[in-house]
Amino acid sequence: MEKISNRESYLKSISDRNLKIYLMGKLVEDPLSHPIIRPSIEAMAETYELAVNEPELGSVKSPYTGESINRFLHIAESNDDLYLQNKMQRKLGQLTGTCFQRCVGMDAFNALHSVTFEIDEKYSTKYHQNFINFLTEMHKYNLVIGGAMTDVKGDRSKLPHEQEDEDLYLRIVDRDENGVYVKGAKAHQTGCINSHWMVVMPTLRLTEKDKNYAIVGAIPVDAEGITYIYGRQSCDTRSMEPGEYDVGNKYFAGQEAMVIFDNVFIPNEYIFMNGEYDYAAMLVERFTTYHRRSYVCKAGVGDVLIGAAATIAEYNGVENASHIKEKIVEMNKLNETIYATGIASSLQGFKTKSGNYINDDLLANVCKQHVTKETYEIGRLAQDLAGGLVGSMPSGVDFNEGEMAEDLKKYLKGKERWIQRYDYQESTARNSNKYVNVWTDTDYAGCLITRKSTSGGVIMLNTHTIKTWSITQDIIALSSGEAEYYALVRGASHALGMKAMLEDLGYQKKVRI
């Protein structure tokens with residue numbers, strides 16, 4: 001397997017896998033091509049793109065391989081590392097407007113770094129070395145690790161061993177000299193289908209009678225015996241409907257699924273807790289400490305929502321009304337409160353026995369409290385600014401194609417805006433649509449004083465003029481052929497830049513000069 005370095009290599013790494021996924025009662029043949037699942041994959045891929053576009057924020061040097069890895073794989077070695085995790089999370093919230101699904105895994109293995117060390121310290125086990133070996137392997141290929149903690153729980157007044165059905169918490173059902181077999185289910189598993197590995201963990205404090213539930217181990221997401229039942233997202237079927245504006249967040253989405261484990265094998269080398277029930281509570285506490293300040297990602301999503309709300313106010317022509325401004329100010333205040341408590345927790349972190357850093361638990365819980373209230377209040381204010389059409393707008397099909405389309409366009413208008421529209425035009429020339437077309441010409445020795453030539457050119461896509469230029473050449477050409485050559489080089493340079501930009505936008509074109 002090649003090391004993942006960007007969006008394309010990530011998408012390649014999760015293709016052609018034999019995952020058993022059910023969505024709305026049907027077996028999913030290819031998650032990458034499914035209209036509901038694909039946006040969540042793109043959100044995950046954005047974590048790799050951030051590392052390419054902003055390496056100082058999205059990547060870091062691995063202490064185990066010495067190579068660059070995604071920051072989501074990094075063990076925090078300082079308060080600054082914790083803070084940069086938060087900055088990265090907010091940035092990705094801004095870029096995707098949704099859950100990008102890697103925080104659970106990051107927080108899980110940061111918690112496991114210190115917990116495995118302390119288990120070994122008491123019981124002389126080798127879990128910490130197992131964990132470091134596993135993490136080194138993940139760093140080598142720059143993979144995605146998901147965290148699987150939340151059991152389905154059944155009767156929550158009872159401990160795992162007291163449940164009528166023993167499988168309501170993930171448990172060890174068999175052992176051999178090579179490892180253990182587990183059975184049960186994990187609910188609300190963020191990004192599990194889009195990951196390469198998942199780490200299963202207990203979800204609550206355990207007793208000695210719950211030893212078989214005290215299991216922590218790493219499992220490939222395509223391991224035999226795993227079934228995924230895809231969870232619903234609000235308005236998720238909009239991505240399957242025709243038109244543009246009905247899809248909501250068109251390019252990105254979150255992902256949760258229920259994961260059912262049916263005698264799934266975990267080899268000894270991937271086991272990081274095996275019956276040490278007295279450390280389950282420590283693991284849960286440390287994981288939640290990391291994870292509750294990771295909710296600063298909601299501040300990034302909040303930024304998107306606040307921007308959308310301000311835009312809607314402008315469309316409605318009420319952006320200067322005092323009560324509108326007050327609501328947008330209130331949204332910003334609530335959003336920054338979430339972020340402030342998260343980064344305060346990170347900046348007041350401390351070193352654990354194993355050498356990694358953990359953030360302040362009290363402030364992490366304060367961040368969580370704000371997220372459970374302020375996020376919804378921001379959404380309420382945004383809906384208040386947007387008005388009732390958010391909930392009762394006619395469909396995009398009616399608006400663009402239906403018999404009443406013209407009437408809808410007549411009545412569903414806001415503030416007049418100046419718009420310059422460029423309709424896509426197909427060229428009638430043979431194969432023209434495949435190319436970035438470039439024309440260049442030269443006025444040889446056109447300047448009578450310096451005898452310098454002038455290069456001119458135009459770039460076109462089909463019949464659209466995309467770019468033009470006319471510039472004096474720096475060098476005095478000694479012949480018209482030399483002047484034409486300089487003009488050709490400049491045209492090729494502009495064309496390659498345009499080709500690269502189009503590829504970033506998803507269009508593959510050849511250059512024709």
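Residues numbered from 1 in each chain as written. Predicted model: local features only at pLDDT ≥ 70, side-chain atom pairs only at ≥ 80, totals over all residues. Heavy atoms only, no water.

K.L.:
Lay out the environment of Gly 248 in plain terms, naming residues and giving numbers.
P.N.:
Mapped onto the fold, Gly 248 is located in the loop between strand E10 (226–230) and strand E11 (256–267). Put simply, Gly 248 and Asp 174 are 74 residues apart on the chain and 46 Å apart in space, counted from C-alpha to C-alpha. (Helix = DSSP H or I, 4+ residues; strand = E, 2+ residues; numbered from the N terminus.)

K.L.:
Would you mind going over the packing of aromatic side chains in detail, with residue names and values included?
P.N.:
The final tally for this structure, using the stated rule, is eleven aromatic pairs. With a centroid separation of 5.0 Å and an interplanar angle of 45°, the aromatic rings of Tyr 181 and Phe 265 are classed as tilted. In this pair, Tyr 181 sits in strand E7 (residues 179–190) while Phe 265 sits in strand E11, placing the two residues 84 residues apart along the sequence. Under the relative-accessibility criterion, Phe 265 is labelled partly exposed at 28%. Connected via pairs of aromatic rings, a cluster forms that spans Phe 131, Phe 134, Trp 197, Tyr 270 and Phe 272. The ring of Tyr 48 is capped by Arg 102, whose NZ or CZ atom sits 5.1 Å from the centre of that ring. The lysine or arginine in question, Lys 410, covers the ring of Tyr 411, its NZ or CZ lying 5.3 Å from the ring centre. (Phe/Tyr/Trp six-rings, centres within 6.5 Å; stacked < 30°, edge-to-face > 60°. Buried < 20%, exposed > 50% of the residue type's maximum accessible area, 1.4 Å probe, protein only. Lys NZ or Arg CZ within 6 Å of the ring centre and 35° of its normal.)

K.L.:
Which residues make up the pattern of salt bridges, and what values go with them?
P.N.:
As a working rule, side chains carrying opposite charge can pair if their charged atoms are close by. Enumeration over the complete set of coordinates arrives at 22 salt bridges. Here Glu 330 ties to Lys 333 by a salt bridge, and the two come within 3.4 Å at their closest N and O atoms. A residue pair is termed a helical-turn pair when its members lie 3 or 4 positions apart in one helix, as Glu 330 and Lys 333 do in helix H9 (residues 322–347) at three residues. By relative accessible area, which is 29% here, Glu 330 ends up partly exposed. The class for Lys 333 is partly exposed, based on a relative accessible area of 47%. It is possible to trace a salt-bridge network through shared partners that takes in Arg 7, Glu 8, Arg 38 and Glu 42. (Salt bridge = Lys/Arg side-chain N within 4 Å of Asp/Glu carboxyl O.)

K.L.:
Mind laying out the sheet that holds E11, listing which residues take part and the relevant values?
P.N.:
Spatial strand order, E2-E1-E10-E11-E7-E6: six strands in an open sheet with mixed pairing. On the outer flanks of this sheet lie strand E2 (26–27) and strand E6 (171–176), each paired with one strand and no other. (Pairing = 2+ DSSP bridges.)

K.L.:
With reference to specific residues and values, describe the side chain of Arg 293.
P.N.:
Along the chain, the position of Arg 293 falls in helix H7 (residues 280–293). Judged by its relative accessible area of 0%, Arg 293 falls in the buried class. A distance of 2.6 Å separates polar atoms of two side chains, one belonging to Arg 293 and the other to Gln 85. In terms of polar contacts, Arg 293 uses its side chain to reach the side chain of Ser 346, at 3.3 Å. Setting aside anything within four residues of it in sequence, one finds Arg 293 in contact with Leu 82, Gln 85, Asn 86, Gln 89, Met 106, Asp 107, Gly 342, Ser 345, Ser 346, Asn 359, Ala 364 and Cys 367. (Polar contact = N/O pair within 3.5 Å; in protein donor to acceptor, adjacent residues only side chain to side chain. Contact = heavy atoms within 4.5 Å.)

K.L.:
Give a description of the environment of Tyr 213 that names residues and reports values.
P.N.:
Of note, Tyr 213 is situated in the loop between strand E8 (197–200) and strand E9 (215–220). Along the sequence, Tyr 213 and Ala 280 sit 67 residues apart, while their C-alpha atoms lie 9.3 Å from each other. Side-chain polar atoms of Tyr 213 contact the backbone oxygen of Pro 160, separated by 3.4 Å.

K.L.:
Kindly report on the packing of H9 against helix H10 (residues 361–386), identifying the contributing residues and their values.
P.N.:
Helix-helix packing is characterised by the crossing angle of the two axes and by the distance between the axes. Axis separation between H9 and H10 bottoms out at 9 Å; the angle between their running directions is 160°. Taken together, the axes of H9 and H10 lie roughly antiparallel to each other. When you trace H9 past H10, the crossing you get is left-handed. Here the residues of the contact of H9 with H10 sort into 15 nonpolar, seven polar and five charged. (Axes fitted to C-alpha atoms, helices over the stretch in contact; angles between N-to-C directions. Parallel < 35°, antiparallel > 145°, perpendicular 65-115°, else oblique. Left-handed = near helix turned anticlockwise from the far one by under 90°. Nonpolar A, V, L, I, M, F, W, Y, C, P; charged D, E, K, R; others polar.)

K.L.:
Go over the pairing of strand E16 (residues 454–461) with me, naming the residues and quoting the values.
P.N.:
Within E16, six of the eight residues are buried, which leaves it mostly tucked inside the rest of the structure. Pairing of strand E15 (residues 435–443) with E16, which is carried by seven bridges, proceeds in the antiparallel orientation. Considered in E16, the bridge of Thr 442 is made with Ser 455. Pairing of E16 with strand E17 (residues 464–472) involves eight bridges; the strand directions are antiparallel. Residue pairing in the sheet places Val 458 in a bridge with Thr 468 of E17. Where E16 hands over to E17, the hairpin turn is made up of two residues, of which Asn 462 adopts a positive phi near 55°.

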